[in-house]
Protein chains: 2
Amino acid sequence: MEIILADKAGFCFGVKRAINTAFEATTTGNVYCFGPLIHNPQEVERLRKAGVETIDDFSTLKEGNSLIIRSHGVPPSILEQAKSQGLKIIDLTCPFVGKAQRHAEALRDEGYQVVVVGEKEHPEVQSIIGYAGKNAVVIENVQDLDEVKLQSRIGIVAQTTQSYSNFSEIVLKLLSVSKELKVYNTICNSTTERQHAAQILARQVDVMLVVGGRNSANTSRLATICRQEGKPTHHIEVAGEIRQEWFQGVRKIGVTAGASTPDWVLNEVLERLQKNDISR
Amino acid sequence: MEIILADKAGFCFGVKRAINTAFEATTTGNVYCFGPLIHNPQEVERLRKAGVETIDDFSTLKEGNSLIIRSHGVPPSILEQAKSQGLKIIDLTCPFVGKAQRHAEALRDEGYQVVVVGEKEHPEVQSIIGYAGKNAVVIENVQDLDEVKLQSRIGIVAQTTQSYSNFSEIVLKLLSVSKELKVYNTICNSTTERQHAAQILARQVDVMLVVGGRNSANTSRLATICRQEGKPTHHIEVAGEIRQEWFQGVRKIGVTAGASTPDWVLNEVLERLQKNDISR
């Protein structure tokens, strides 16, 4: 069996920066992270052992405590609240997410109704929508547009990990109902490249393994893209989930990983496959 | 044989206004029109008889002479030249074309590279491009995009009589190569409605007649749209061109007309068909 690793699998720039800074921050004592730093339970556990405690509520923290804002960012109201509490903010918002926030804010200030193309419940989208004004809407797919009241001047930004095809389909639909559109394609290059590489690889192999957190939207989307290429695709978090029966009659296995999947998790999967050390 | 006239056939608002004002202007003496007022030779002849002389060059006119700027508009340099010559300007630029000019100018001032979706040689497009700055380009179809150097911030306007499908195809392609797009859909409602009505009618009939100037871009586009529906389509300027052999075995005839086709030309066609007074 041949094992082929996709180009651009694993940590992106924003995640790498967040993880490194979080580990560094623990050298001066424990730090708190508002929500899991990344959508990868294995890496979050490693961070916890080093002194990064994940919390859902920071209202009980004391003045001077360190609070990490994770790569997905937060709405401005949350940032204000943390500052007013006297917390020491370690802002690890991905610079590309920050750009989407600033574009949303500028579109709002220019009087556009802001459409954020993304997943309603995703923390990144919730952080962006916080900057987008009271008429802003989140649109996950083109059908969602039937449910919302649209104005004639529409500004568009995207969750940084959106698929381009979904984004462009929504832009095209909005073009048909508005007189003025201002569009910022804020999908990050790393996402586009990773999705494209996964798609190309899926076409060449018999089965795809997609490695990453089940709560990771970008990892799940990689799996969707591979399935759309008509290939059997398994989304796993760790090497131990690999099953022998997935590889019957298989000559080529493709492997990719989400932007929040650490190298050590990916390497364990690759080693397990190479040693053919697979549960039966 | 049943004869069905398309909704929205014939003069649009901008043309009607231009014709009426031109006729009114002749009550105080002869006036000059820079290029044919509309793309309809029959109506231009009627205007000529009333005292509207079509000219290609106004440099020999005298101070105080009346010069009509036709519905397609002119680039600002031409307008300045006419003013500096002391001519009395009768500006009949269609308000919708004026809007496209102003949007092109604003996009230029905001630092966008302006893309005008339209026909390179059409006077309306040449008037808009005059406001669009030195990096501006005219794009007729999606293939044209391969030939031009594009910047990352692109502003888009359309010739008012473009087909929406061509416009949206070009916007979609530009979305894939830029990080920021600002799009004004300046296709006028009258064009969209007329094209849509022609398409619907073409589906219901056995043959289509499209009435209007052969030099009229919007009339030619109506004929193209009807042919795309798979129906035999004849583009005629006057009733005398109708041929008996077009109607063998035909039960339903559809008729439409361009935005620059006067009612009297269209009515002559309809009367000829109703009387079955058709050349053999």
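Residues numbered from 1 in each chain as written. Chains lettered and ligands numbered in written order. Predicted model: local features only at pLDDT ≥ 70, side-chain atom pairs only at ≥ 80, totals over all residues. Heavy atoms only, no water.

### Considering the environment of Glu110 of chain B
Residues and elements named next belong to chain B.
Argument step 1. By secondary structure assignment, the location of Glu110 is in the loop between helix H4 (95–109) and strand E6 (113–117).
Argument step 2. Glu110 sits in the partly exposed class, given a relative accessible area of 35%.
Argument step 3. Counting along the chain gives 43 residues from Glu110 to Arg153, while the straight-line C-alpha distance between them is 9.9 Å.
Argument step 4. Those residues within four positions of Glu110 in sequence are excluded, and the remaining contacts are Arg153 and Lys182. (Helix = DSSP H or I, 4+ residues; strand = E, 2+ residues; numbered from the N terminus. Buried < 20%, exposed > 50% of the residue type's maximum accessible area, 1.4 Å probe, protein only. Contact = heavy atoms within 4.5 Å.)

### Topic: the relation of the copies chain B and chain A
Argument step 1. Mapping chain B onto chain A calls for a screw motion: a turn of 180° about the axis and a shift of 0.0 Å along it, with 0.0 Å RMSD after fitting. In short, the pair behaves as if placed about a two-fold rotation axis. For chain B, the smallest separation between a C-alpha atom and the rotation axis is recorded for Lys182 of chain B, amounting to 2.1 Å.
Argument step 2. The share of interface residues of chain B whose copies in chain A are also at the interface is 100%, consistent with both copies meeting through the same surface. (Least-squares fit on C-alpha atoms with pLDDT ≥ 70 in both.)

### Topic: the nonpolar core
Argument step 1. In this structure, Ile156, Phe167 and Leu181 of chain A together with Ile156, Phe167 and Leu181 of chain B are the most contacted members of the largest nonpolar core, which totals 34 residues.
Argument step 2. Sequence-distant contacts of Ile156 of chain B, defined by excluding residues within four places in its chain, comprise Leu107, Val115, Val117, Phe167, Val171, Leu174, Leu181, Lys182, Val183 and Tyr184 of chain B. (Core = buried A, V, L, I, M, F, W, Y, C linked by side-chain atoms within 4.5 Å.)

### Notes on the pattern of salt bridges
When the charged atoms of two side chains lie near each other, side chains of opposite charge can form a pair.
Argument step 1. Going through the model one piece at a time under the given rule, you end up with 24 salt bridges over all chains.
Argument step 2. Measuring nitrogen to oxygen at the nearest pair gives 3.1 Å for the salt bridge that ties Arg153 of chain A to Glu180 of chain A. One end of the pair, Arg153 of chain A, is in strand E8 (residues 153–158); the other, Glu180 of chain A, is in strand E9 (residues 180–184), with 27 residues separating them in the sequence.
Argument step 3. Between Arg108 of chain B and Asp109 of chain B there is a salt bridge, with the nearest N and O atoms lying 3.1 Å from each other.
Argument step 4. The exposure class assigned to Arg108 of chain B is partly exposed, which follows from its relative accessible area of 33%.
Argument step 5. Connected through shared salt-bridge partners, Glu45, Arg48 and Lys49 of chain A make up one network. (Salt bridge = Lys/Arg side-chain N within 4 Å of Asp/Glu carboxyl O.)

### Section: the interface of chain B and chain A
Argument step 1. At the junction of the two partners, chain B supplies 18 residues and chain A supplies 18 residues.
Argument step 2. Counting the surface lost from both chain B and chain A, the interface buries some 1500 Å², and carbon and sulfur atoms represent 53% of this.
Argument step 3. The tally of links from chain B across to chain A stands at 12 residue pairs in polar contact (both at pLDDT 80 or more).
Argument step 4. Tallying contributions element by element places helix H6 (residues 164–177) of chain B first for the side of chain B that touches chain A, with seven residues.
Argument step 5. Residue composition of the side of chain B that touches chain A, grouped by class: 10 nonpolar, five polar and three charged.
Argument step 6. Where E9 of chain A meets strand E9 (residues 180–184) of chain B, five bridges bridge the pair, whose relative direction is antiparallel. When the bridges of E9 of chain B are listed, Lys182 of chain A appears paired with Lys182 of chain B. (Buried area = accessible area lost by both parts, 1.4 Å probe. Polar contact = N/O pair within 3.5 Å; in protein donor to acceptor, adjacent residues only side chain to side chain. Nonpolar A, V, L, I, M, F, W, Y, C, P; charged D, E, K, R; others polar. Pairing = 2+ DSSP bridges.)

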